[in-house]
Amino acid sequence: MTQPHGRWSEVARAVGLLGPDGTARPTIFAEMSALAARTGAVNLGQGFPDVDGPASVVEAAVAAMRSGRNQYPPGAGTPELRRAVVDHQRRHYGLDVDPDREVLVTTGATEALAATVLALAGPGEEVLTLEPFYDSYAAVIALAGATHTTAPLVRVPARGSAPAFRLDEAALRAAFSPRTRLVLLNTPHNPTGAVLSRTELGLVARLAREHDALVVTDEVYEHLVFDGAEHVPVATLPGMADRTLTISSAGKTFSFTGWKIGWLTGPAPLVDAVRAVKQFLTYVSGAPFQPAIAHALTDDAVAAWVRDLATSLAARRDLLCDGLEAAGFTVTRPAGTYFVVADGAPLGFEDGADLCRRLPELAGVVGVPVRAFTRPGSAADDALASAVRFTFVKREDVLHDAVDRLARLAS
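Residues numbered from 1 in each chain as written. Predicted model: local features only at pLDDT ≥ 70, side-chain atom pairs only at ≥ 80, totals over all residues. Heavy atoms only, no water.

A. Representation of the overall build of the protein in the model. Helix and strand counts for the protein come out as 15 helices and 14 strands. C-alpha atoms of the protein, sized along the principal axes, occupy 60 × 55 × 50 Å. Going through the 411 residues of the protein one by one, you find that 56% of them count as buried. Residue pairs at least 24 apart in sequence account for 72% of intrachain contacts in the protein once pairs closer than 6 positions are excluded. Here the protein holds 38 positive side-chain charges and 46 negative ones, and the gap between their average locations is 2 Å. (Helix = DSSP H or I, 4+ residues; strand = E, 2+ residues; numbered from the N terminus. Buried < 20%, exposed > 50% of the residue type's maximum accessible area, 1.4 Å probe, protein only. Contact = heavy atoms within 4.5 Å. Lys, Arg positive; Asp, Glu negative; His and termini not counted. Charge placed at Lys NZ, Arg CZ, Asp CG, Glu CD.)

B. Examining the environment of E350 more closely. By the secondary structure assignment, E350 is in the loop between β11 (339-343) and α13 (352-363). Sequence spacing of E350 and E125 is 225 residues, and the spatial spacing of their C-alpha atoms is 35 Å. When near neighbours in sequence (up to four residues on either side) are disregarded, E350 contacts A345, A385 and S386.

C. Just the packing of aromatic side chains, in detail. One pass over the structure, following the stated rule, counts 10 aromatic pairs. Ring geometry for F29 versus F373: centroids 5.6 Å apart, planes at 65°, classification edge-to-face. Of this pair, F29 sits in helix α2 (residues 28-39) while F373 sits in the loop between β13 (368-369) and α14 (379-383), and the two are 344 residues apart along the sequence. The class of F29 is buried, set by a relative accessible area of 18%. The exposure class of F373 is buried, given its relative accessible area of 1%. (Phe/Tyr/Trp six-rings, centres within 6.5 Å; stacked < 30°, edge-to-face > 60°.)

D. Main features of the packing of α2 against α13. Orientation of α2 relative to α13, taken along the N-to-C sense of each, is 10°, at an axis distance of 10 Å. On the basis of the axis angle, α2 is roughly parallel to α13. Contact with α2, carried on its side by I28, E31, M32, L35 and T39, involves C356, R357 and P360 of α13 and no other residues of that element. For the contact of α2 with α13, the per-class residue count stands at five nonpolar, one polar and two charged. (Axes fitted to C-alpha atoms, helices over the stretch in contact; angles between N-to-C directions. Parallel < 35°, antiparallel > 145°, perpendicular 65-115°, else oblique. Nonpolar A, V, L, I, M, F, W, Y, C, P; charged D, E, K, R; others polar.)

In structure tokens, the structure reads:
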């Protein structure tokens, strides 16, 4: 059998997509989804909504299609979407962005992240992320030929005895080096649900300035925060606007994950560098969806829908967290995102992957081991060995069914 060659095979091995014999193996996400389908388990592993976003946004996309907006849009994105992104950044965060030079529309946040790392980091340079990390980070860092370094989020007591994930200041300081080129920061954070505080972000900003590093922020869950938590864009901190690229998207905020409309804002020279790479990835995409998302970003009724979504997600989070705790997990209740991390060690499972493979039989539910978001052998990998990520971005009736099934574990 012919084996893959070239850079991709090295990257695939580095991020676990190839086995020792060079053959492809499915990701843990694909494995768990297939397991759910095969067993009839409730799939709380994949983080996408099971209902669509606002009807007015759908109708705006339909109107754009019917009016003939089905060919290539401008390379930087349609003007109305770029202006809507500018208005959003000003209205929510007080950031002043030039729609013509400092905004780039992308095929979701994933492409924005990939194009940014490929444009700004390379061999001999380091890209620092939090750990655990969204799985695409490791892949694109490897594709760029850069070195992936990490600083762990650690579980600490909060609100009495309940744990929360927070930055470890000593570990973060130690993770920086003279070779640190980019800090790729995700807040609100997948998979832990942590929302980094202004103090934590101030530390990141100070260290980035000291090491002359650029900061790239993945803020796709910016509006999905709970319990009064505040999302603080790094670009709003003193001295950071000129060294920060901010990335977000429509998928999570408006529940249109399949539309793949994202955007990036920041200093014109950095945006230009990213655009130079992005034009050879997708060139452009989503022509009729771009004006629809412009409508979503500027319409007051849609803004109210997003606020209601965050309120609903907080209630669904509590429903799932309470059920997981009743089943015997130790739960780290998230301050944002779609996800909760639950520790299976109290149930006698030291290996989260083993627990996930057995959960369909034991409880008729599927999750994803948090080790899918860590580097083998790292401190975070060891600390989270028994942890499982579950999503609560499902209908309440689905979550009630999942909680009823999880109750089997307690008996």
